[in-house]
Amino acid sequence: MAKLYWDLIKMNLRTVDQVPLLWREAVQVLLDNENR
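Residues numbered from 1 in each chain as written. Predicted model: local features only at pLDDT ≥ 70, side-chain atom pairs only at ≥ 80, totals over all residues. Heavy atoms only, no water.

> Quick rundown of the packing of helix H1 (residues 2–10) against helix H2 (residues 21–34)? Include the residues and the values.
Their axes nearest at 9 Å, the elements H1 and H2 cross at an angle of 60°. Here H1 lies oblique to H2, going by the angle between them. The two elements H1 and H2 meet at a crossing, and its hand is right-handed. Residue-level contacts link Ala2, Lys3, Tyr5, Trp6, Ile9 and Lys10 of H1 to Trp23, Ala26, Val27, Leu30, Leu31 and Glu34 of H2. For the contact of H1 with H2, the residue count by class is nine nonpolar, no polar and three charged. (Axes fitted to C-alpha atoms, helices over the stretch in contact; angles between N-to-C directions. Helix = DSSP H or I, 4+ residues; strand = E, 2+ residues; numbered from the N terminus. Parallel < 35°, antiparallel > 145°, perpendicular 65-115°, else oblique. Left-handed = near helix turned anticlockwise from the far one by under 90°. Contact = heavy atoms within 4.5 Å. Nonpolar A, V, L, I, M, F, W, Y, C, P; charged D, E, K, R; others polar.)

Right under this line is the structure:
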């Protein structure tokens, strides 16, 4: 599920704030790892 939300953020269809709280931390980790 986290990757699904990550993909939506990458396509500019969602923001991190729109991700459900259950998945928000995992999605943020994916985004942070991408930026390293």
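> Describe in detail the nonpolar core, supporting the description with residues and values.
Core analysis: the largest hydrophobic core is formed by eight residues, namely Ala2, Tyr5, Trp6, Leu8, Ile9, Val19, Val27 and Leu31. Counting residues per element, the ones that place at least two in this core are H1 and H2. The biggest single contributor to this core is H1, with five residues. Beyond its immediate stretch of four places on either side in the chain, Val27 contacts Ala2, Tyr5, Trp6, Ile9 and Val19. (Core = buried A, V, L, I, M, F, W, Y, C linked by side-chain atoms within 4.5 Å. Buried < 20%, exposed > 50% of the residue type's maximum accessible area, 1.4 Å probe, protein only.)

> Outline the environment of Asp7, supporting the account with residue identities and numerical values.
Structurally, Asp7 is set in helix H1. By relative accessible area, which is 28% here, Asp7 ends up partly exposed. For the pair Asp7 and Asp32, spaced 25 residues apart in the sequence, the C-alpha separation amounts to 14 Å.

Function-wise, these values are silent; they only describe arrangement.
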